[in-house]
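# Descriptive structure summary
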Amino acid sequence: MIVMFDRSQTGTINFQEFGSLWKYITDWQGTFRSYDRDNSGSIDKNELKTALTSFGYRLSDRFYDILIRKFDRSGRGTVAFDDFIQCCVVIQNKHVEESILFVDVKGLLRSVVASAHIMTG
């Protein structure tokens, strides 16, 4: 995460950058808590599905199973806070990477998202 806030690309962050990182983490913490409906300290498949759906993602149940397997380090079928952040950032980055912008015949700018790559990545 430090890399995301290291504007000078020195491998370290200054106090202002740390403040931005801290706000980023606390915002994610609030988001995590709002979807951790049972206050277990982790997010299960249904809670993850609710969160990602509210973020605008429409993913298959099979894909949610893959996400749980990939980001569940405890082996309990749930995702902890830090893994939740990582999961969301990875999905967001994959979404951006897989977006292909093109101009159609009428000159309109359209965005096509190749979500199949997200599901298998």
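Along each chain, residues carry numbers from 1 onward, in the same order as the chain's sequence is written. In view of the model being predicted, local features appear only for residues whose pLDDT reaches at least 70, and side-chain atom pairs are presented and counted only at 80 or more, with totals across whole chains, interfaces and linings using the full set of residues. Processing note: side-chain calculations cover all non-hydrogen atoms of the structure and skip hydrogens and water entirely.

### Looking at the overall build of the chain
Each helix and strand counted, the chain has 6 helices and 4 strands in total. Looking at the chain as a whole, 29% of its 121 residues are labelled buried. Note on areas: Shrake-Rupley with a 1.4 Å probe; residue coverage comes only from the protein chains shown. Carbon together with sulfur atoms contributes 55% to the accessible area of the chain, which is approximately 8200 Å² in total. Only DSSP runs of H or I covering at least 4 residues are called helices, and only runs of E covering at least 2 are called strands; the numbering of each starts at the N terminus. For every residue, the accessible area (1.4 Å probe, protein chains only) is compared with the maximum for its type, and the residue is labelled buried under 20%, exposed over 50%, or partly exposed between those bounds.

### Some points on helix α2 (residues 15-35)
One turn of an α-helix holds 3.6 residues; hence residues three or four places apart share an orientation. Expected span, for any helix, means 1.5 Å times one less than how many residues it has. Compared with the 30 Å implied by 1.5 Å per residue over 21 residues, the 30 Å span of α2 between its first and last C-alpha is a close match. Every buried residue of α2 is listed here: Glu 17, Leu 21, Tyr 24, Trp 28, Phe 32 and Tyr 35. Buried residues of α2, viewed axially, fall in a sector of 75°; they line one side. Structural note: α2 exposes Phe 15, Gln 16, Trp 22, Lys 23 and Arg 33 on the side pointing more than 90 degrees away from its buried face. Between the side-chain oxygen of the N-cap and the backbone nitrogen of Gln 16 there are 3.0 Å, and the N-cap of α2 in question is Asn 14. The reported arc concerns the directions from the helix axis to the C-beta atoms and nothing else. Side-chain atoms alone can form a polar contact between residues adjacent in sequence; in general such a contact is a pair of N or O atoms within 3.5 Å, and within protein one must be able to donate a hydrogen while the other accepts it.

### Remarks on the side chain of Asp 6
Secondary-structure assignment places Asp 6 in the loop between α1 (2-5) and α2. Only 2.8 Å separates the side chain of Asp 6 from the backbone nitrogen of Thr 10, close enough to count as a polar contact. Within polar-contact distance, the side chain of Asp 6 engages the backbone nitrogen of Gly 11 at 2.6 Å. Residues contacting Asp 6, with those up to four places away along its chain left out, are Gly 11, Thr 12, Ile 13 and Glu 17. Contact definition: two residues touch when any of their heavy atoms are within 4.5 Å.

### Digging into the side chain of Asp 72
Residue position: Asp 72 is located in the loop between α4 (61-71) and β2 (79-80). Charge counting follows a simple rule: Lys and Arg are positive, Asp and Glu are negative, and His as well as the terminal groups are ignored. Here, a salt bridge means any side-chain nitrogen of Lys or Arg that lies within 4 Å of a carboxyl oxygen of Asp or Glu. No salt bridge is formed by the buried Asp 72; the nearest opposite charge belongs to Arg 76, separated by 5.9 Å. Residues in contact with Asp 72, not counting those within four places in the same chain, are Gly 77 and Thr 78.

### Some details on the pattern of salt bridges
For the structure on display, the rule yields 5 salt bridges. Here Asp 27 and Lys 23 are joined by a salt bridge, their closest N and O atoms 2.8 Å apart. A residue pair is termed a helical-turn pair when its members lie 3 or 4 positions apart in one helix, as Asp 27 and Lys 23 do in helix α2 at 4 residues. A residue is classified by how much of its surface remains accessible, and Asp 27, at 42% relative accessible area, is partly exposed. The shortest N-O distance in the salt bridge between Asp 82 and Arg 73 comes to 2.6 Å. Using a relative accessible area of 62% as the deciding quantity, one classes Arg 73 as exposed. Members of the salt-bridge network, linked through shared partners, are Arg 73, Asp 82 and Asp 83.

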